[in-house]
Amino acid sequence: MNTSAPALNLHQVAFGYRGQAVVTDVDLVVTRGQVIAVLGPNGSGKTTLVKGLLGLAEHLSGEVEVLGAPLARLRDRTRLGYVPQRHTLNGGVRATASEIVATGLLATRPWWRPARAADHQAVHRALEIVGLADRARFDVDTLSGGQQRRVLIARALVANPEVLVMDEPTAGVDSASQVILAGVLQQLGAAGTTMLIVTHELTALRGIVDRIVEVDSGHLTFDGSPQGYAEHQRRQALLAGRVQS
Ligand code: ADP
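Since the model is a prediction, treat every value here as computed from it, not as a measurement. (Residues numbered from 1 in each chain as written. Predicted model: local features only at pLDDT ≥ 70, side-chain atom pairs only at ≥ 80, totals over all residues. Heavy atoms only, no water.)

Peer 1: How should the pattern of salt bridges be read in this particular structure?
Peer 2: Pairs can form between side chains of opposite charge whenever their charged atoms are close. Here the structure, examined in full by the defined rule, presents 7 salt bridges. Note that Glu-231 is salt-bridged to Arg-234, the shortest N-O span being 3.5 Å. Taken together, the positions of Glu-231 and Arg-234, both in helix α6 (residues 226-239) and 3 residues apart, correspond to about one turn of that helix. On the basis of relative accessible area, Arg-234 is assigned to the partly exposed category, the value being 45%. (Salt bridge = Lys/Arg side-chain N within 4 Å of Asp/Glu carboxyl O. Helix = DSSP H or I, 4+ residues; strand = E, 2+ residues; numbered from the N terminus. Buried < 20%, exposed > 50% of the residue type's maximum accessible area, 1.4 Å probe, protein only.)

Peer 1: Hey, could you run me through the sheet that holds strand β1 (residues 8-17) in this one?
Peer 2: Remark on secondary structure: sheet strands pair via backbone hydrogen bonds, oriented parallel or antiparallel. On the basis of which strands lie adjacent, the open sheet formed by 4 strands has the order β2-β1-β4-β5 and antiparallel pairing. Every other strand in the sheet has two partners, leaving β2 (20-30) and β5 (69-70) as the edge strands with one partner each. As paired strands, β1 and strand β4 (residues 58-66) are joined by 7 bridges and run antiparallel to one another. Bridge pairing in β4 links Gly-16 to Glu-58. Taken strand by strand, helix α1 (residues 46-53) contacts β1, β2 and β4, and its axis lies near 115 degrees from that of β1. (Pairing = 2+ DSSP bridges. Contact = heavy atoms within 4.5 Å. Axes fitted to C-alpha atoms, helices over the stretch in contact; angles between N-to-C directions.)

Peer 1: I keep staring at the site of the ligand and nothing clicks. Help me out?
Peer 2: The full set of residues close to the ligand is Tyr-17, Arg-18, Val-22, Pro-41, Asn-42, Gly-43, Ser-44, Gly-45, Lys-46, Thr-47 and Thr-48. In the model, an oxygen atom of the ligand is placed 2.5 Å from a nitrogen or oxygen of the Thr-48 side chain. In isolation the ligand has 560 Å² of accessible area, and contact with the protein removes 58% of it. Here the shell around the ligand takes 3 residues from α1, the largest share from any one element. (Near = heavy atom within 4 Å. Polar contact = N/O pair within 3.5 Å; in protein donor to acceptor, adjacent residues only side chain to side chain. Areas by Shrake-Rupley, 256 points an atom, 1.4 Å probe, with all protein chains shown as cover.)

Peer 1: Looking at this model, I keep getting lost on the pairing of strand β9 (residues 211-216). Mind explaining?
Peer 2: Taken residue by residue, a regular strand's side chains alternate between the two faces of the sheet. Across the 6 residues that make up β9, a large majority, 5, are buried. As judged from the 4 bridges shared by strand β3 (residues 35-39) and β9, these two strands associate in the parallel manner. Along β9, the bridge assignment pairs Leu-39 with Glu-214.

Peer 1: Mind showing me how you'd approach the packing of aromatic side chains here?
Peer 2: The way to describe two aromatic rings as a pair is by their centre distance and the angle between their planes. All told, the structure shown has 1 aromatic pair when counted by the stated rule. Directly above the aromatic system of Phe-138 lies the positively charged group of Arg-135, at a separation of 5.2 Å from the ring centroid. (Phe/Tyr/Trp six-rings, centres within 6.5 Å; stacked < 30°, edge-to-face > 60°. Lys NZ or Arg CZ within 6 Å of the ring centre and 35° of its normal.)

Peer 1: Would you mind showing me how to read α6 here?
Peer 2: The α-helix winds at 3.6 residues per turn, so residues separated by three or four positions along the chain end up facing the same way. Across its 14 residues, α6 extends 20 Å between first and last C-alpha, which sits within 8% of the 20 Å expected from 1.5 Å per residue. What α6 keeps buried is the set Tyr-229, His-232 and Ala-237. All buried residues of α6 project into a common sector of 135 degrees when viewed along the axis, lining one side. Looking at the buried side of α6, the elements it contacts are β3, β9 and β10 (219-224). Immediately downstream of α6, the backbone of Gly-241 shows phi near 75 degrees, a positive value. (Expected span 1.5 Å × (residues − 1). Arc of directions from axis to C-beta.)

Peer 1: Honestly, the nonpolar core in this entry has me stumped. Any pointers?
Peer 2: Soluble globular proteins tend to bury their nonpolar side chains together. In terms of nonpolar packing, the biggest core is built from 41 residues, with Val-101, Leu-127, Val-151, Ile-153, Met-166, Leu-185 and Met-195 touching the most fellow members. Broken down by secondary-structure element, the contributors of at least two residues to this core are β3, α2 (97-102), α3 (117-129), α4 (145-157), β7 (163-167), α5 (175-190) and β8 (194-198). Sort the elements by how many residues they give to this core and α4 lands first, with 6 residues. With residues up to four places along the chain from it excluded, the contact list for Ile-153 reads Val-83, Val-130, Met-166, Pro-169, Leu-181 and Val-184. Counting residues in hydrophobic clusters, the runner-up holds 28 residues, among them Leu-10, Val-50, Leu-71 and Tyr-82. (Core = buried A, V, L, I, M, F, W, Y, C linked by side-chain atoms within 4.5 Å.)

Structural data, given as structure tokens:
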């Protein structure tokens, strides 16, 4: 295993669906420990980009390496954690918080082997990280939207992924939950977890994100620091004639 390889290395990549490209010409190198916000208008291809990295959208061209291995050859999928875009777990899910989190371990053991003490500990630890250890036995549908989102993050964390990909982790939750979620992400970032976070709420992630990638109409239109992004936005606004210089 090449541990010095970048977490993600994309060269001239296109991802899409049924042979149709949605994002194209993507060049992106993410070093380990970086925390990246993926920004851009609705429908620009942000979700397709992160799904492509997870093998959930079609890889149509270019080279993708994840943790030093070509995407198609990444055997241990648990090295990547994923929090899908989803507002809550509502809608008839009858499971406790710890049961949902435990599903994140299913890929780590053969189907016939029952959960071991270490698995239970991992579930407890993941719930502890997101501040929900005391809700382990609660049915998820009794939890708030923000708490449910944290359960999904715990599920993504339970197998100890090296890279965590999150699609709108703070969307649609109240501001108190956003603060808690931001704290969780801060802690993970400080612990060295590489994160790629699709978001509309950059303010909630201030101080956590160290790089911004903007996607527009299926292309990367910015890649740089948060300060550089503020300048980029100002320039764009000037170009659009919306701001007087
Ligand atoms: P964003 O996350 O920036 O809102 P998406 O990646 O979800 O953008 O969508 C980008 C484009 O890809 C949209 O035109 C959308 O209709 C299309 N798209 C998304 N998911 C699918 C899919 N499963 N099959 C076909 N097209 C899709």
